Amino acid sequence: MTAIGGFQDHVARIDLGTDGVAYEGIDEADAKKYIGARGLGVKYVFDQGPDVDPLGPDNLLAFMNGPLSGTQTTMSGRIAVCTKSPLTGTVTDSHHGGWSGARLKWAGFDGLLFEGQAEEPVYAYVEDGEVELRDAAHLWGMGVHETCETVEEEVDGEYGKNLSIMAIGPGGENEVRYACIMNEDDRASGRGGTGCVMGNKGLKAIVIKSATEMPQPADPETFKEGHQQAMQAITESDVTAPNEGGLSMYGTNVLMNMTEEMDGHPTKNGRYTSGDAYNEAEADGETVIDAERISGENVRENILVDEPTCHSCPVACKKEVEVDVMHKGEEMNVRMESYEYESAWALGTNSLNDDRDTIAVMIDRCNDMGVDTIEVGNILAMAMDATENGYLEDVGDGDGIDWGDADTMIEMIERIATREGELADLLAEGQARFADAVDAHDCRLDVKGQAIAAYDPRCMKGMGIGYATSNRGACHLRGYTPAAEILGIPEKVDPYEHDGKGELTAQFQDLHAISDSFDICKFNAFAEGIEEYVLQYNGMTGLDVTEDELLEAGERIYNLERYYNNLVGFDGDDDSLPEVFLEEGETPGQGASEGEYCELEAMKEEYYDHRGWVDGVVPDEKLAELEIEIGPGTGVSSGGSGAAAPSDD
């Protein structure tokens, strides 16, 4: 039980195998140590045991908000979904925006913990502090859009007024390993296969109905001070200023032209560091691939129709678009949000496709099918690379997929989600398993089984060590060093310089662990810092933590995740990068990144030294220092002696 402000002290534990629903409070000691949302969610997953089968009944699927979720805090509309990933085998947490995180808080909950497997499909209906499991057999097989429309009519609710729906599509139902959970049609908990776990459990949707009842701060004066500072920082930032800053005007896709110009934009499955570099090498300098055609600026000028936002967010980075596209002789009209940078890159330039409107169709189809756009774009680019190299001649019809074939890409998204055909079935398994099946390891762009994002570590060295040491596989959001390497936040650093990036990455990782546990949007970090975090957290909770204590909580959360992975069997050997980015890959950067490789080993040494880890393993002394008092320990000493991390065979 806890009386800490910002919490409802109410969690539902739902056994889908027995239809049982039990309610419990929040452990106050855990709330102080792990904050909430991501931190508490990972703690719940850890308590379930690191040796669980990701696709077994014992794997926990935790939906957690944090003490700042659903409050007046800026950008506090997020929710964390925590589980053991079927894609990577690591612990994972995936977040989405919109209103469901806030609405879950307003409905009286800090979290929903699902275990077991339903005999028949169900959805969870949440209202007034209670959870009811309802039949979802009639929804099984539907896409996300139809599911949401059907449920909205059934429960007599209204989007944008009193209703949020988190649902899976056919991707989750068919256990695509990177299936995602979609919130309110177009907001995704995209990474790590959370939708795959949800589908494996027979849980089609979570429906939350509630009025707006924001928790009030325990210390109003402190909260007001922090809130005012945060709003001032946001409105004065060149990135976040409402209706002026780059993020507000163009969304995340403001980065498209930036990374292209600095040759930090992986193109043709990472073979080149920009579209221009590809054009120079393979098209005699003719502009065949042009990243500007799919940039945020181009989108805003030509296809933007609305700019929706999330709970308590003045930035409004979501960009809703409408396009008309001819696909195989048939005209398609699509209106969707959001045309994100990562999605546009993965389904665009990395796949040698710069058709702005077909990318919008692909993003919408991924959302409806409930599959991660980043993973889908990467796996299609990998299949194109494998086709070019002759690895798919004995798979399916042997034709594979040609570079930039938008019509086939659109079709393959649904085939992957339904596992239709041999090739699609293999692609549904993710990069590592696909590479094993067709012996195409030289075409992989993943770390620990999860595909990279839209930042080339031959240019942005911080992203290289970030991909490698992310606790959930390759990820740009664990520690967003491009804030410093591109945007100069909190200060500009040379993207090509590797020295100092190990420590910088660890600092970003700990800071983001805090914001993910509040749970507030990472984009606030483009304006706010630890001072604003402490004031708002103390004001809402009534606690009196210092900046150092809050930063230690972020470090504790990151180490708890690494400790979990160590117990599964991961160590420093798994903190790797695709060979194409390293010197041994013999594919140096081009253009502004000419001759550059990612100096991973030097950065790992610096990073481990800063973390106090031994070859990627959290030593027992570090666990004790951070008061992580659960599990058996790793058996590794910071003196360098001790057994290797236990392996889960």
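**Concerning the overall build of the chain**
Looking only at helices and strands, the chain has 24 helices and 17 strands in total. Its C-alpha atoms give the chain a radius of gyration of 23 Å, within 12% of the compact-globule value 26 Å for 649 residues. Looking at the chain as a whole, 66% of its 649 residues qualify as buried. Across the chain, the fraction of contacts at a sequence separation of at least 24, relative to all contacts at a separation of at least 6, is 69%. Accessible area of the chain: about 21,500 Å², with a carbon and sulfur share of 41%. Positive and negative side-chain charges in the chain, numbering 45 and 131 respectively, have mean positions lying 2 Å apart.

**Here we look at the environment of Glu 629**
Within the fold, Glu 629 resides in the segment after helix H24 (620-625). Residue classification places Glu 629 among the exposed residues on the basis of a relative accessible area of 64%. For the pair Glu 629 and Gly 612, spaced 17 residues apart in the sequence, the C-alpha separation amounts to 17 Å.

**Overview of the sheet that holds strand S14 (residues 320-327)**
Strand order in the open sheet made by the three strands is S13-S14-S15, with antiparallel pairing throughout. Whereas interior strands pair on both sides, the edge strands pair on one side only; in this sheet they are strand S13 (304-306) and strand S15 (330-336). Put simply, the sheet's adjacent strands are angled 30° from each other on average, direction ignored. In this structure, S13 lies alongside S14, joined through two bridges in antiparallel fashion. Looking at S14, one finds that Leu 304 is bridged to Val 321. The strands touched by helix H13 (residues 356-369) are S14 and S15; relative to S15, the strand with the most contacts, the crossing angle is about 70°.

**A closer look at the pattern of salt bridges**
All told, the structure shown has 45 salt bridges when counted by the stated rule. Among the ionic pairs, Asp 30 bridges to Lys 43, the shortest N-O distance being 3.3 Å. Here Lys 43 lies in helix H2 (residues 37-48) and Asp 30 lies in helix H1 (residues 28-34), a separation of 13 residues in the sequence. For Asp 30, a relative accessible area of 17% gives the class buried. Note that Arg 134 is salt-bridged to Glu 132, the shortest N-O span being 3.3 Å. Taking relative accessible area as the criterion, Arg 134 reaches 25% and is therefore assigned partly exposed.

**Things to note about the packing of aromatic side chains**
By the definition in use, this model includes 14 aromatic pairs. Summarising the aromatic geometry, the rings of Tyr 23 and Phe 109 are spaced 6.2 Å apart at their centres and angled 35° between planes, so their arrangement reads as tilted. Of this pair, Tyr 23 sits in strand S2 (residues 20-24) while Phe 109 sits in the loop between helix H3 (100-106) and strand S6 (111-115); the two residues are 86 residues apart in sequence, bridging distant segments of the chain. The exposure class of Tyr 23 is partly exposed, given its relative accessible area of 37%. Pairing Tyr 608 with Trp 613 gives two aromatic rings, centres 6.4 Å apart and planes at 40°, and the pair type is tilted. Note on Trp 613: relative accessible area 6%, which makes it buried.

**Section: the pairing of strand S4 (residues 79-84)**
Extensive coverage of S4 is indicated by the burial of six of its six residues. Neither face of S4 is exposed, since Ile 79, Val 81 and Thr 83 on one face and Ala 80, Cys 82 and Lys 84 on the opposite face are all buried. Summarising the sheet, strand S3 (residues 61-64) and S4 pair through three bridges and their orientation is antiparallel. Considered in S4, the bridge of Met 64 is made with Ala 80. Inspection of the sheet shows S4 paired to strand S5 (residues 91-96) by six bridges, in the antiparallel sense. Opposite Cys 82, over in S5, you have Asp 93 as the bridge partner. Two successive antiparallel strands, S4 and S5, enclose a turn made up of six residues, where Gly 89 displays a positive phi of approximately 80°.

**What about helix H14 (residues 373-388)?**
Over its 16 residues, H14 extends 23 Å from the first C-alpha to the last, a length consistent with the 22 Å expected when each residue adds 1.5 Å. N-capping of H14 is provided by Asp 372, with a side-chain oxygen placed 3.1 Å from the backbone N of Ile 374. One or two residues past the end of H14 sits Gly 390, with phi positive at roughly 80°.

**Observations concerning the pairing of strand S12 (residues 203-209)**
Counted residue by residue, S12 has seven buried out of seven residues, so it is predominantly covered. Note that strand S7 (residues 122-127) and S12 share five bridges and pair parallel. The residue of S12 that forms the bridge with Tyr 123 is Ala 205. The sheet contact formed by strand S9 (residues 163-167) and S12 spans five bridges and is antiparallel. By the bridge assignment, Met 166 is partnered in S12 with Ile 206.

**Here we look at the side chain of Asp 364**
In this fold, Asp 364 is placed in helix H13. It is Arg 365 that comes nearest to the buried, bridge-free Asp 364 among opposite-charge side chains, at 6.7 Å. Residue contacts for Asp 364: discarding those within four places in its chain leaves His 145, Asp 186, Val 334, Arg 335 and Met 336.

About the criteria used
- Residues numbered from 1 in each chain as written.
- Predicted model: local features only at pLDDT ≥ 70, side-chain atom pairs only at ≥ 80, totals over all residues.
- Heavy atoms only, no water.
- Helix = DSSP H or I, 4+ residues; strand = E, 2+ residues; numbered from the N terminus.
- Rg over C-alpha atoms; globule rule 2.2 N^0.38 Å.
- Buried < 20%, exposed > 50% of the residue type's maximum accessible area, 1.4 Å probe, protein only.
- Contact = heavy atoms within 4.5 Å.
- Areas by Shrake-Rupley, 256 points an atom, 1.4 Å probe, with all protein chains shown as cover.
- Lys, Arg positive; Asp, Glu negative; His and termini not counted.
- Charge placed at Lys NZ, Arg CZ, Asp CG, Glu CD.
- Pairing = 2+ DSSP bridges.
- Axes fitted to C-alpha atoms, helices over the stretch in contact; angles between N-to-C directions.
- Salt bridge = Lys/Arg side-chain N within 4 Å of Asp/Glu carboxyl O.
- Phe/Tyr/Trp six-rings, centres within 6.5 Å; stacked < 30°, edge-to-face > 60°.
- Expected span 1.5 Å × (residues − 1).
- Polar contact = N/O pair within 3.5 Å; in protein donor to acceptor, adjacent residues only side chain to side chain.

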